Amino acid sequence: MAGGNDRSMKALKEVWRRAENSLCADCGKPDPDWASSTLGVFICLSCSGIHRNIPSISKVKSLKMDHWDDAQVQFLAKHGNAVTKATYEAHIPIYYYQPTYNDCQVLREQWIRAKYERKEFTKPGKHLPYSDGVKEGILWKRGRDNGQFLPRKFLLSEREGCLKYFTKQDAKEPKINVKIDVINATFQPVKIGNPNGLQITYLKDNKTRNIFVYHESGKEVVDWFNAIRSVQFHYLKVAFPIASDNEIKNRLTRNFLKEGYMEKTGPKQREAFKKRWFTLDHRRLMYFKDPLDAFAKGEVFVGSRENGYSVQKGLPLGTQGNFSWHYGVTIVTPDREYLFTCETETDQLDWIAAFTSVINQAMTPQEYASKCLDPVSFLS
């Protein structure tokens, strides 16, 4: 009996060590140590919890702690991540967002359910709820002034190239009508306080406007997210006919590079530092009094190193403004220096790394244009 167990464990380890099984089949996290005995995929602990919630599809076991019999090991050997992906991920639309282990629960869960439970990607030409070029429905939207979430009708149209929302279901005119090419969408469950919280941002008069929404159904809110990406993709295909699909894909919705609290001082650098919420959206550094504010109080354009931008650890000697946090960050631009303080050294190093990643990238012609249209502003 013991010999059989040893033989099974040896065979299991051989399958486990295959290069194709070195990353979680669902989120890409390295060194997965769980597997599905019914699907044949190697997955991480976090994704195994999602699989456990769909027991009719997937039965998961620990590769380290659970017993695997010969038949189960042979099943894993016959399948594995590469074979299973070839079946369940055969026809993923180019615009569909495939989450990683850094993404929130609702994105990862709906990705797993879409693959294995709903089998959305197994056959070509399958009708998908986010691929029609139009989507209409109710989302709970946070009021700009009162902070209350109320049901609002949203309409997304590829033909019109826009996203609208209406304050009343029978309203003829929308409250907003936003061109699809200036929209970004990113999941913000912690900030919004709802596991299905989605932040929709768009440019209005070259300033960023935030809308915070959610839906009770995780599937519905992820369908909205991918519908926005689908409409954007087809709009950009027409606008940039010579661009490759991957180039267009990289211009769809994006996560913010970093968010969090820092303290800031004013342009004279003698004012008291004030605690503000900061969002770094590629080259736009925006700050808000509250994380759920609709509009930023100020923005800084973060250019490239070759254009005279840099980031430095600490504050200049002789900085006069009063500050309660002592881990400084200085952004140097051709116009002036911007001074911030962070609460911890970890925050300081994380912000410096985020700024450095932007500054080290060469600016595109579009970014030069946006810099000219939107001169650096940093209000107190």
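Keep in mind that this is a model prediction, so the values were computed, not measured. (Residues numbered from 1 in each chain as written. Predicted model: local features only at pLDDT ≥ 70, side-chain atom pairs only at ≥ 80, totals over all residues. Heavy atoms only, no water.)

## Looking at the UniProt feature "domain: Arf-GAP" (unreviewed entry) in the protein
Put simply, the rule reads: UniProt positions are given in the numbering used here, feature names are shortened, and annotations may be inferred rather than shown by experiment. Numbering of helices and strands runs from the N terminus; a helix is a DSSP stretch of H or I covering at least four residues, while a strand is a stretch of E covering at least two.
Sites flagged by UniProt as "domain: Arf-GAP" (unreviewed entry) map to residues 6-129. Secondary structure content for residues 6-129 is 40% helix and 6% strand, while the C-alpha to C-alpha distance between its ends is 48 Å.

## Topic: the pattern of salt bridges
To keep it simple, the criterion reads: Think of a salt bridge as a Lys or Arg side-chain nitrogen and an Asp or Glu carboxyl oxygen that are within 4 Å of each other. Each residue gets one of three labels from its accessible area relative to the maximum for its type: buried under 20%, exposed over 50%, partly exposed in between, using a 1.4 Å probe on protein chains only.
One pass over the structure, following the stated rule, counts 18 salt bridges. Measuring nitrogen to oxygen at the nearest pair gives 2.9 Å for the salt bridge that ties Lys115 to Glu89. Taken as a pair, Lys115 in helix H5 (residues 105-117) and Glu89 in the loop between helix H4 (80-88) and H5 lie far apart in primary sequence, 26 residues in all. Like Glu89, Lys115 is buried. In this structure, the salt-bridge partner of Lys135 is Glu220, at a minimum N-O distance of 3.1 Å. Here Glu220 lies in helix H7 (residues 218-239) and Lys135 lies in strand S4 (residues 134-142), a separation of 85 residues in the sequence.

## Topic: the UniProt feature "domain: PH" (unreviewed entry) in the protein
The UniProt record annotates "domain: PH" (unreviewed entry) at residues 132-233 and 255-360. End C-alpha to end C-alpha, residues 132-233 measures 13 Å, and it is 20% helix and 46% strand. Annotation note: span residues 255-360, helix share 14%, strand share 38%, distance between end C-alpha atoms 19 Å.

## Quick notes on the sheet that holds strand S1 (residues 34-36)
To be explicit about the condition: One bridge is not enough; two strands pair if DSSP finds at least two bridges between them.
If you walk across this open sheet you meet the three strands as S2-S1-S3, and the pairing is antiparallel. Strands with a single pairing partner mark the edges of an open sheet, and in this sheet they are strand S2 (42-43) and strand S3 (60-62). Direction of pairing for S1 relative to S3: antiparallel, over a ladder of three bridges. Among the inter-strand pairings, Trp34 is bridged to a residue of S3, identified as Ser62.

## Focus: empty space enclosed by the protein
The criterion, for reference: Only protein atoms enter the calculation, which uses a 1 Å grid: trapped sets of points that fit a 1.4 Å probe without letting it out are cavities, open sets showing protein on both sides within 12 Å along at least five of seven lines are pockets, and any residue with an atom within 4 Å of a point is a lining residue. Grid points are joined across faces, edges and corners, and a volume is the space filled by probe spheres set on the points. Gly counts as polar in this scheme, as do all residues outside two lists: the nonpolar Ala, Val, Leu, Ile, Met, Phe, Trp, Tyr, Cys and Pro, and the charged Asp, Glu, Lys and Arg.
Within this structure, the stated rule accounts for two cavities of 30 Å³ or more. In this structure, the largest cavity spans a volume of roughly 60 Å³. Taken together, Lys141, Arg142, Gly143, Arg144, Arg209, Asn210, Ile211, Phe212, Leu292 and Ala294 make up the full set of residues lining the largest cavity. Elements with a contribution of two residues or more to the lining of the largest cavity: S4 and strand S10 (207-214). Top element by residues in the lining of the largest cavity is S10. It accounts for four residues. Residue classes in the lining of the largest cavity are distributed as four nonpolar, two polar and four charged.

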